[in-house]
Amino acid sequence: DLSQDGTKLVSGGSDNKVRLWNLRTQEAELVLEGHSDYVEDVLFTRDMKRIISCSHDSQIKVWSIQNGTEDFSFKGHTDRVLTLCLA
């Protein structure tokens, strides 16, 4: 997901990590660890204060960008969570 101002990119992958990238420096500003399987989808909240991720570990996690920590973890799915959408 690309930030609204176009300066940040958030990604997830097969290393089970979520990364927040600075597009100017092309370096990861944050590496968020907590999923135990492939991170399938990631997005920014509208206020740009959090990142939401979903994974093949059946969990959805909400991360604080400011603190670089996990705020919430939703554990209710019985199989992989493949996509996220904010309404």
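Now for a quick tour of the structure. Predicted, not measured: the structure shown is a model, and the values here were computed from it.

Here we take up the sheet that holds strand 5 (residues 50-55). The sheet built from four strands is open, its strands ordered 4-5-6-7 with antiparallel pairing. The sheet is open, and its two borders are formed by strand 4 (39-44) and strand 7 (69-75), each paired with just one other strand. Sheet twist, expressed as the mean angle between neighbouring strand axes with direction ignored, is 20 degrees. Here strand 5 pairs with strand 6 (residues 59-64) via five bridges, running antiparallel. Directly across from arginine 50, in strand 6, lies its bridge partner serine 64.

Before going further, it helps to examine unusual backbone geometry. Look at asparagine 16: it is not a glycine, yet its phi comes out positive at around 70 degrees. With respect to the element layout, asparagine 16 can be found in the loop between strand 1 (8-12) and strand 2 (17-22). In this structure, serine 58 takes a positive phi of about 75 degrees despite not being glycine.

Let us now look at the packing of aromatic side chains. Under the defined criterion, the tally for this structure stands at one aromatic pair. With a centroid separation of 6.5 Å and 35 degrees between ring planes, the pair formed by phenylalanine 72 and phenylalanine 74 is classed as tilted.

Take the environment of cysteine 54 next. Position of cysteine 54 among the secondary structure elements: in strand 5. Once you skip the residues sitting within four places of it in the chain, cysteine 54 turns out to touch His35, Tyr38, Val39, Glu40, Asp41, Gln59, Ile60, Val81, Leu82, Thr83 and Leu84.

Moving on to a nonpolar patch on the surface. Taken together, the side chains of Leu2, Leu9 and Leu23 define a hydrophobic patch exposed on the protein surface, amounting to about 230 Å² of accessible area. Tracing the backbone through its elements, the reader meets leucine 23 in the loop between strand 2 and strand 3 (27-33). What makes leucine 23 partly exposed here is its relative accessible area of 36%.

Direction of pairing for strand 2 relative to strand 3: antiparallel, over a ladder of six bridges. If you follow leucine 20 over to strand 3, its bridge partner there is leucine 30. In this antiparallel pair of consecutive strands, strand 2 and strand 3, the connection spans four residues, and glutamine 26 shows a positive phi of 60 degrees.

So, on to the nonpolar core. Among the nonpolar cores identified, the biggest contains 11 residues, and these are Val10, Val18, Leu20, Leu30, Leu32, Val39, Val42, Phe44, Ile51, Trp63 and Ile65. Going through the elements one at a time, strand 2, strand 3 and strand 4 are the ones with two or more residues in this core. Among the elements that line this core, the one with the most residues is strand 4, at three residues. With residues near it in sequence (within four places) discarded, leucine 30 still touches Val18, Arg19, Leu20, Ile65 and Gly68. Leu43, Ile52, Val81 and Leu84 belong to the second largest nonpolar core, which has seven residues in total.

What counts and how
- Residues numbered from 1 in each chain as written.
- Predicted model: local features only at pLDDT ≥ 70, side-chain atom pairs only at ≥ 80, totals over all residues.
- Heavy atoms only, no water.
- Pairing = 2+ DSSP bridges.
- Helix = DSSP H or I, 4+ residues; strand = E, 2+ residues; numbered from the N terminus.
- Axes fitted to C-alpha atoms, helices over the stretch in contact; angles between N-to-C directions.
- Phe/Tyr/Trp six-rings, centres within 6.5 Å; stacked < 30°, edge-to-face > 60°.
- Contact = heavy atoms within 4.5 Å.
- Patch = residues over 30% accessible without salt bridge, like charges linked within 9 Å, V, L, I, M, F, W, Y side chains within 5 Å.
- Areas by Shrake-Rupley, 256 points an atom, 1.4 Å probe, with all protein chains shown as cover.
- Salt bridge = Lys/Arg side-chain N within 4 Å of Asp/Glu carboxyl O.
- Buried < 20%, exposed > 50% of the residue type's maximum accessible area, 1.4 Å probe, protein only.
- Core = buried A, V, L, I, M, F, W, Y, C linked by side-chain atoms within 4.5 Å.

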